[in-house]
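Listed below are the residues making up each chain.
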Amino acid sequence: MRLKTSLLKEPKHRELVSCVGWTSADELYSCSDDHQILRWNLQSNDTSVLVHLQEHIYPLDLHWPPRSLSGRKQAAADSFALTSTDGKLHLVSRSGRVEKSVEAHRGAVLAGRWNHDGTALITAGEDGQLKIWSKSGMLRSTLAQQGTPVYSVAWAPDSGRVLYTSGRQLVIKPLQPSAKVLQWRAHDGVILKVDWSAVNDLILSGGEDCKYKVWDSYGRMLFSSSAHDYPITSVAWAPDGELFAMGSFHTLRLCDKTGVRNVLNDAVDVLEFRDRVIKASLAHGHLVVTTSLQCYVYSAKNWNTPLIFDLKEGTVSLIVQAERHFLLVDGAELFVYSYEGRLVSSPKSPGLRMDILSSQSISLSNDSIAIRDTSDERVVFLFEAQTGKAIGDGKPLTHKIEVVFVALDQCGSSSDRRIALIDKNRDLYLTSVRKLGRAHSMHKIGSMVDTMAWNDSANILCGIQDSRFTVWYYPSVVFVDKDLLPKTIFSRDSSEFSRPPQMVSYEGSQVTVRRVDGSLVRSAVSPYPSLLHEYTSSGRWEDALRICRFAKDQTLWSCLAGLAMANRELSTAEVAYAAIGEIDKVQYINFIRDLPSRDSCVAHMLLFSGHVQEAEATLLQANLIYHAIQIHITLYNWDRALELAVKHKTHVDTVLAHRQKFLQDFGKQETNKRFLQYSEGVEVDWEKIQAKIEMEFAMEREKAASSSVRSSVSVRR
């Protein structure tokens, strides 16, 4: 897929062409370091020299005023704006005469743009200033000033705001002094070029990170390209807002407004096959096509040379793709292949009818496969994707009623893999795929859910819940802090999707939904939660805090609190919980940070997440008997606290003392026979109890100081 381009045998310019500007679909002006401005007529293919500039003028930007005004055509503009390296702004007439030159900036004038009604001009300079000029070249105001060069600038559709670059950030500044300025980090390198469509209100940006991106006017990313070989030096919208062009070294691409590559004149690549095509699937940068005999695997980077292998039966009924491999249901068997065509595994289960599986009854991730049983729909089989063997002890996941939809999350390690289930009552549950010796703990996270989809780059779940479009920004928070779940959910009206819709995909910040009439509807989701997941998964906690402070969103802070606790990043968790007003949890985190040993820290973090048995086991294994007893005292599990004290022959008096104080506070008498039995032969002395506790803490601190294992816990003081 290429643009049709033509190159003159003899170039008209002798030096580098620095800028071009259209006056109509058939007339183009170009400037070059050879100090010439040329006029090009595409109908007659004539080229003429408009003017030869003075030798010290090196043009950088050229822009004609708009040709339309208030919905009617106006006469062609009399002059255009030209900026140059000598810090001047030039107004040049159509005949080539320089009408006016003004000292605009200290250093080069990097960009100059007319507003959409042609009444004002803005310039951006190497000196970091933005200046607004009248149509006649009179300075009106200095809109902004910063310490870095402004490489590009663009007007908003209403001409009431200005978009400009500031290093790696984009800034939208209203002309009204009291209005709020919108600023966000847009690229990982210096941003070189921006454009803002007056038709679709979308923003384009390209930078030294070799990517081009599409944004809405609120700074939410709609599309990001993959990294190219060289920086993106130019981007521009087509007048109708449907297409845009991007340029880089030796590269020119035409794209539609969603960022997907397009070609000129609606040309397409026709993929021809020897046999009848049965199934096709496009996801994760690969197109998988099956015919009656063979399977073709195309890479989105190369459509010319597919990988081809023979099929066993040639009756493929389902294709499911993941990032690293894909799954084929061929006849009565299931096969997992890599994108290089290598057979990875072939899971099997007695009585499972593979030929009636659908996309809702089977799910694939990089390491796991989930298949709902075809005979008992309460049962979900879990397999290792690499070996095809059953996960763990081989026992399937069994729900209390029939399951209608299964979906595995796509990111993270295999030990943290989660599976989402929608049952016959349309309740949404989340559980762990690998239970690690524990029974499957099912957590209900939604009700009246019709459809769902996991994000492809972060473990974020979206769905239609009770006629509302809902996004669970961090559904796994139920395994860390159940109280945070409602605070990490975004919901809005879903009437645009009609009923009943079907989630097709959730890629990046775009959700694709198929309506009941078969049409596809795309909806944007905030990119901040995905960025938050990216930062936390790579250990960039300072960046995670920065994005939460920038967004000022309680939902993001709640997600960060859960993510930090899941990763035992207590300092970040403390800040996040404080931001959402969870003061009691902030105090408990400070208590954990002050504990003397690694084992006690781990145990109390498990206790924080509600895993009492795991916390107790951790403490007993580390011979921290008092801590194990104390957690049950704190939770008022008096019988278990006494049981541990008697079993280990220590701190029986501590348990009895706390029990007595508890009863006294509530004005009650002891009725528990076991406590009555031990209280007769045990003396309660608070001073001795306190001394014994302090001695145990001192011994624990001494042990921790002599051990290096504490450094493995992410607890920053």
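Residues numbered from 1 in each chain as written. Predicted model: local features only at pLDDT ≥ 70, side-chain atom pairs only at ≥ 80, totals over all residues. Heavy atoms only, no water.

**Student:** Residue-level account of the overall build of the protein, with values.
**Tutor:** Within the protein, the regular secondary structure consists of 12 helices and 49 strands. The buried share of the protein, taken over its 717 residues, is 50%. Residue pairs at least 24 apart in sequence account for 41% of intrachain contacts in the protein once pairs closer than 6 positions are excluded. Total accessible area computed for the protein in this model is approximately 35,300 Å², and 50% of it derives from carbon and sulfur atoms. (Helix = DSSP H or I, 4+ residues; strand = E, 2+ residues; numbered from the N terminus. Buried < 20%, exposed > 50% of the residue type's maximum accessible area, 1.4 Å probe, protein only. Contact = heavy atoms within 4.5 Å. Areas by Shrake-Rupley, 256 points an atom, 1.4 Å probe, with all protein chains shown as cover.)

**Student:** Can you break down the nonpolar core residue by residue, with the values?
**Tutor:** Soluble globular proteins: nonpolar side chains tend toward being buried together. Grouped together as the largest cluster of nonpolar side chains are 62 residues, with contacts concentrated most on Leu428, Phe469, Leu532, Leu560, Met565 and Tyr577. Looking at this core, the element that brings in the most residues is helix H3 (residues 554-566), giving eight residues. Non-local contacts of methionine 565, meaning those with residues more than four positions away in its chain, are made with Val480, Leu570, Ala573, Tyr577, Ile589, Met605 and Phe608. Within the second largest apolar cluster, 22 residues are counted, among which are Leu607, Ala615, Trp638 and Leu642. (Core = buried A, V, L, I, M, F, W, Y, C linked by side-chain atoms within 4.5 Å.)

**Student:** Can you lay out the layout of surface pockets for me, pointing to particular residues and giving the numbers?
**Tutor:** In this model, the second largest pocket occupies a volume close to 1,300 Å³. Counting only elements with at least two residues in the lining of the second largest pocket, the list comes to strand S41 (428-432), helix H1 (528-537), H3, helix H6 (598-608) and helix H7 (612-621). Here the lining of the second largest pocket is composed, by residue class, of 15 nonpolar, 20 polar and 10 charged. (1 Å grid on protein atoms, 1.4 Å probe; cavity = no way out; pocket = protein on both sides within 12 Å on 5 of 7 lines; lining within 4 Å. Points joined across faces, edges and corners; volume = space filled by probe spheres on them. Nonpolar A, V, L, I, M, F, W, Y, C, P; charged D, E, K, R; others polar.)

**Student:** Residue-level account of the UniProt feature "repeat: WD" (unreviewed entry) in the protein, with values.
**Tutor:** The positions that UniProt labels "repeat: WD" (unreviewed entry) are, in the present scheme, residues 102-134 and 184-216. As annotated, residues 102-134 has a helix share of 0% and a strand share of 61%, and its two end C-alpha atoms lie 12 Å apart. (UniProt positions renumbered as here; feature names shortened; annotations may be inferred.)

**Student:** Which residues make up the packing of helix H9 (residues 638-648) against helix H11 (residues 673-681), and what values go with them?
**Tutor:** Helix packing geometry: the angle between the two helix axes and the distance between the axes. Their axes nearest at 11 Å, the elements H9 and H11 cross at an angle of 40°. Judged on the interaxial angle alone, H11 and H9 are oblique. In the crossing of H9 with H11, the sense of the turn from one axis to the other is left-handed. Packed against H9, whose contacting residues are Trp638, Asp639, Leu642, Glu643 and Val646, the element H11 presents Arg674, Phe675 and Tyr678 at the interface. Here the contact of H9 with H11 is composed, by residue class, of five nonpolar, no polar and three charged. (Axes fitted to C-alpha atoms, helices over the stretch in contact; angles between N-to-C directions. Parallel < 35°, antiparallel > 145°, perpendicular 65-115°, else oblique. Left-handed = near helix turned anticlockwise from the far one by under 90°.)

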